[in-house]
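# Close look at the chain arrangement
Next come the chains, spelled out residue by residue.
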Amino acid sequence: MAKASRAAEAAGQAAALARGSEPGPAAPVWQYAPAPESRDVVSVEPEYGLFVAGAFRPAADGRTFATVNPATEEPLAQVAAAGPADVDAAVAAARSAYEQVWGPMPGSERAKYLYRVARQLQERSREFAVLESLDNGKPIKESRDVDIPLAAAHFFYYAGWADKLEYAGFGPGPRPLGVAGQVIPWNFPLLMAAWKLAPALAAGNTCVLKPAETTPLTALLLAEVCQQAGLPPGVVNVVTGAGDTGAALVSHPGVNKVAFTGSTEVGKEIAAAVAGTGKKLTLELGGKAANIVFDDAPIEQAVEGIVNGIFFNQGHVCCAGSRLLVQESVADTVVERLRQRLTTLRLGDPLDKNTDIGAINSSQQLARISELTQAGEAEGAERWSPPCQLPDRGYWFPPTVFTGVSQSHRIAREEIFGPVLSVLTFRTPDEAVTKANNTPYGLSAGIWTDKGSRILWLAQKLRAGVVWANTYNRFDPASPFGGYKESGYGREGGRHGLAAYLDV
Amino acid sequence: MRKTYKLYIGGAFPRSESGRSYPVHASDGTLLAYAAQGSRKDARDAVVAARKAFGSWSGATAYNRGQILYRVAEMLEGRAAQFAAEVSATEGTADAEAEVAAAIDRWVWYAGWSDKVAQVAGAANPVAGPYFNFSVPEPAGVVAIIAPAESSLLGLVSVIAPVIVTGNTAVVVASERQPLPAVSLAEVLATSDLPAGVVNVLTGRPAELAPVLAGHMDVNAIDLTGIDPAGRQALEQLAAGNIKRVFYRNEPWATMPGPQRLLSFLEIKTVWHPAGT
Amino acid sequence: MTVGIETVQRASPAPWALQPGDLATSDAALRQLLHGLPGIDEVGAAQRAAGLATRSIKKDAKLQALDMAVAMVDLTTLEGADTPGKVRAMCAKARQPDPSDPAVRPVAAVCVYPDLVSVARQAVAGTGIAVASVATAFPSGRASLAVKLADVREAVSAGADEVDMVIDRGAFLAGQYGQVYAEIQAVREACGPAHLKVILETGELATLDNVARASWLAMLAGADFIKTSTGKVTPAATPSTALVMLAAVRDFEQTTRRRVGVKVAGGIRTAKDAIRYLVLVNEVAGPAWLTPQYFRIGASTLLNDLLMQRSKQLTGQYAGADYFTLD
């Protein structure tokens, strides 16, 4: 991976020098040496079983699937593939734990388990961070500084609600729903597990969690933490597998509540599948957020916000700022600054602490990104990437910017879920709002302007569940997150996040 | 000659574009009147009207919406006797006056929530960083409501008022067998300050109209309270087509409700802003 | 050694670029220009600086950074109690930072008060180390222009290669941009062949917007370097202020084709801090600034920490304070 860093560095130098400077002594090239986080802090087992009724065990039919390191294509482990019988057993274990142990347990006792899990996540944070980067492909800097700390914080936050539900604004004695079936995506594997488990458990439900097929490992390590925290058997169950496992879980009659984070397409299938069953459902789906930059934006920070918005986590973010809506009068300046800034992005080994852009999670996702990017070129948008050498093995895509994009282009409408930014322009605040809202999605939006009244006006007008003003991609367990329209319904985080798991 | 009551769409009273109507009978079987039998195109038009009204209704101040709803309650009070007669004939209720009084009280209760929901459903969230972070509830948009089959006035106002007081606009499918109080309510709304299109009332067959609304891509939420549980699945499947928010709750209408209906048609929007020099 | 002074070249102006000659007398014109610069979001700037602080600089990259940092040090003594003896001792250290390792390059400059410039001049003669002098009623800047210019002329005639002036923060905060501009121009002229560093005293400017505005004002008035602090006020240099100034010099160069240097001073005591600033230079301004010609660190105790870390990199063993000279 050092090769990629060096090439990118050299390209960055060339770009910097080409920016135009007068003759003078040539500046020395300073390359950052590889700074890998040690893989040895975590032990990756050759095989992983399901976690049902407090114990790890193989699938009933013995089937397994491989999980792979997307940066190298190296197989990491064989993981049990849960079949219908396993889902059955997990739901039964969850039901039994709900009725006999967890449901009757006072909130203050439930809280203690959650605090213990939170504390363990903090203490074993390095293991979790390395494992996450290995399995997912995201830079260690992100798993270490964002994913793992936020996951622990979610457990801490909801632990504190467990014995205060009567003050949460849902009435004097809100009851849990029962067994929650929860299906999570591959982009923030541990964090999504925390977002699902923490509020459900705090509210008194028991859980059956289905991690994504390409990223099962940190969920299983979390299961180990639950086991070691003494969490009663069956309160949390993890059934690893592919789409069929998720479908079996979602349609299982023993599940009272379904929570899904993933694509809008699958979200619609799930909503159709639970139709008429009486199961409560919350969905957190896709997005095509507008990141709106006005002519009076703090430009330097806006550029950072644009970069963060679309290249954080390789753009594998439902709330990514994938459409840059820049006021036409400053469009050239902003795009030029953006290009310069992108030359300092470092793409390569996810375990290198200096890596900014990691691997794409799977070959399927890479194919999707490539297809849409080609469509963008075919539609007539101009494509640009900073000079960037991709490693030979693994799934990689360079940060990419399309300019000359309009609303009718596929790359302005469809969620690419990769490090690809579409740049559109607008003239007036009204036009910005119209374009921003002109999408079936409605998850998030960004506003960059120095004018307070404009921020509040836009925040009111934007049909999005999360509005970031002069910042982007900020998350907190106390802050409700979720979408309007086809980005889903229900909120995760904050007091509002409890509503999904209570019978209210 | 028995009167044929029309639909209420966009502040006007058109006939069904299908030209159809159907007989409405009293609880004792006597023919009371005819009601328009709304069609899918009427439903389409109603959604258009509701969408058109949404911008300014949701943009009005909460105070303003509350004032309008209070005024509607006063008008209902003025017509209490008429409503009592209608309810009595329609439902055969012994104490129609009590039901009408309860319906008016219910409407007033919801009107008072207008400028309070945000304080109950909103929050300033204490995030771990130098940011001001707040959550506010916003109306979801156009809400389709299948009114209860029984409880022609009390049930009706109990499903409409909580939807519109927060800024949503509504397309209501009245009870098939007991539509007349809905039509009378529409007449009151038409002469009130409630802007055209905020409430639209379709009479006809829910079995015909509900699927149209459930599958309509420009309807944001649907209240299936008036649908028999056996019929929900098909409608929920249709609703999945645009991730419509689906709600239903059957409750004894005479009991004071909690805030669930109010809160169920809201979207929570969370805003972050850095706090720095 | 004199560091080359770049001539101002006129390039096609960006929207906010006025020709320096236009600004001399007009507070209003300067205000329009400076207040028209894009705002700075303080939280966002701090976030970017914090993100860059996570860069892990190890092994040969670290050694290279330490060597660069040593060569960028302006070894400084600015105490009331300074004596010729003290200055000579410091200059000896400047020439030979690590007596046990002659491979260690000398520092870029020594920095003293004007009345000790001649002592420093003699002590570093023939080494290529520049003599920088503070001037203009350092550190407060509270004196008449005539007094400040006399201060500069004395330093220059005593042999200073570089002059570190302070801006009039009172005038700046009162919005008298024309006065601040005119003073810098006058000092620039009085410097003659010496190169001019303009100290903004960012701690007193308080907001990052002011730091950006003062940076542009100084550069338009002819600064060769913009410098964060006198070191006599807290806070002095911070990653956020350095970030803002590095972005300013980058943008100034794109607008005018003239490259201005940045000096961070005050409170930079450890090699770790110094390397973090080098990362900021590298990724915010660009590699062209990674040379003593365009980046300096004003410090005194930092030098020994750089040497100790360097020794650890080379030998693999942690060093001890006794093995490094205190001068």
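Our subject is the structure that appears above.
Residues numbered from 1 in each chain as written. Chains lettered and ligands numbered in written order. Predicted model: local features only at pLDDT ≥ 70, side-chain atom pairs only at ≥ 80, totals over all residues.

### A short note on the overall build of chain A
Formally: For helices the rule is a DSSP run of H or I covering at least 4 residues; for strands it is a run of E covering at least 2, with both sets numbered from the N terminus onward. Atoms counted for the radius of gyration: C-alpha only. Globule rule: 2.2 Å times residue count to the power 0.38. Here the C-beta atoms are placed from the backbone, and a residue counts as buried if at least 20 other C-beta atoms lie within 10 Å of its own, exposed if 12 or fewer do, and partly exposed otherwise. The contact criterion used here is simple: two residues whose C-beta atoms, placed from the backbone, lie within 7 Å are in contact.
Helix and strand content of chain A: 15 helices and 18 strands. Computed over C-alpha atoms, the radius of gyration of chain A comes to 23 Å, within 12% of the 23 Å expected from 2.2 N^0.38 for 504 residues, which places it in the range of a compact globule. Principal axes of the C-alpha set define a box for chain A whose edges measure 75 × 50 × 40 Å. Here chain A holds 504 residues, and the buried ones make up 62% of them. Residue pairs in contact within chain A that sit at least 24 positions apart in sequence constitute 73% of those at least 6 positions apart.

### Notes on the packing of helix H4 (residues 125–136) of chain A against helix H5 (residues 140–161) of chain A
Residue and element names in this part refer to chain A. Filter applied, for reference: Lines are fitted to the C-alpha atoms to define the axes, a helix being fitted only along its stretch in contact, and any angle between axes, read from their N-to-C directions, falls within 0 to 180 degrees. Here is the rule for angles: anything less than 35 degrees is roughly parallel, anything more than 145 is roughly antiparallel, 65 through 115 is roughly perpendicular, and the remaining ranges are oblique. The handedness criterion is simple: a crossing whose near helix is rotated anticlockwise from the far helix by less than a right angle is left-handed, and one whose near helix is rotated clockwise is right-handed.
Interhelical geometry of H4 versus H5 gives an angle of 125 degrees and a closest axis separation of 9 Å. When the axis of H4 is compared with that of H5, the two are oblique. Seen along the crossing, H4 lies across H5 with a hand that is right-handed. Counting all contacts with H4, which are made through Ser125, Phe128, Ala129, Val130, Glu132 and Ser133, the residues of H5 involved are Ile140, Ser143, Arg144, Asp147 and Ile148.

### Quick word on the packing of helix H3 (residues 80–91) of chain B against helix H4 (residues 96–111) of chain B
All names here are of chain B. For clarity, the threshold we go by: Residues are grouped as follows: Ala, Val, Leu, Ile, Met, Phe, Trp, Tyr, Cys and Pro are nonpolar; Asp, Glu, Lys and Arg are charged; all remaining types, including Gly, are polar.
Interaxial distance between H3 and H4 falls to 8 Å at its minimum, and their mutual angle equals 120 degrees. Judged by the angle between their axes, H3 and H4 are oblique. Handedness of the H3/H4 crossing: right-handed. Contacts between H3 and H4 pair Ala80, Phe83, Ala84, Val87 and Ser88 from the former with Ala96, Glu97, Glu99 and Val100 from the latter. Here the residues of the contact of H3 with H4 sort into six nonpolar, one polar and two charged.

### Some words on the interface of chain B and chain A
Interfaces are frequently sized by the accessible area removed from exposure as the parts join. To keep it simple, the criterion reads: Paired strands are those between which DSSP finds at least two bridges.
At the interface, 28 residues of chain B touch 37 residues of chain A. Mapped onto the side of chain B that touches chain A, the elements with two or more residues apiece are strand E5 (131–139), helix H9 (232–239) and strand E11 (266–274) of chain B. In terms of residue count, the dominant contributor to the side of chain B that touches chain A is E11(B) (eight residues). Residues belonging to the side of chain B that touches chain A are distributed by class as follows: 12 nonpolar, 11 polar and five charged. Two elements, strand E17 (residues 466–469) of chain A and E11(B), share three bridges in a ladder whose sense is parallel. Looking across to E11(B), one finds that Val467(A) is bridged to Val271(B).

### Some words on the sheet that holds strand E4 (residues 64–69) of chain A
Within a sheet, each strand pairs with its neighbour through backbone hydrogen bonds, oriented either parallel or antiparallel. Pairing is mixed in the open sheet, where three strands are placed in the order E1-E5-E4 (chain A). Sheet topology places strand E1 (47–48) and E4 of chain A at the edges, where each strand pairs with a single neighbour.

### Overview of unusual backbone geometry
The step from Phe138(C) to Pro139(C) runs through a cis peptide bond, and the omega angle for that step is -5 degrees. Along the chain, Pro139(C) turns up in the loop between strand E3 (130–135) and helix H7 (145–157). Phi is positive for Glu73(A), which is not a glycine, with a value near 65 degrees. Summarising the element assignment, Glu73(A) is placed in the loop between E4 and strand E5 (74–80). For Ile243(B), which is not glycine, the phi torsion reads 55 degrees and is therefore positive. Residue position: Ile243(B) is located in the loop between H9 and strand E10 (245–247). By the C-beta count within 10 Å, which is 24 here, Ile243(B) ends up buried.

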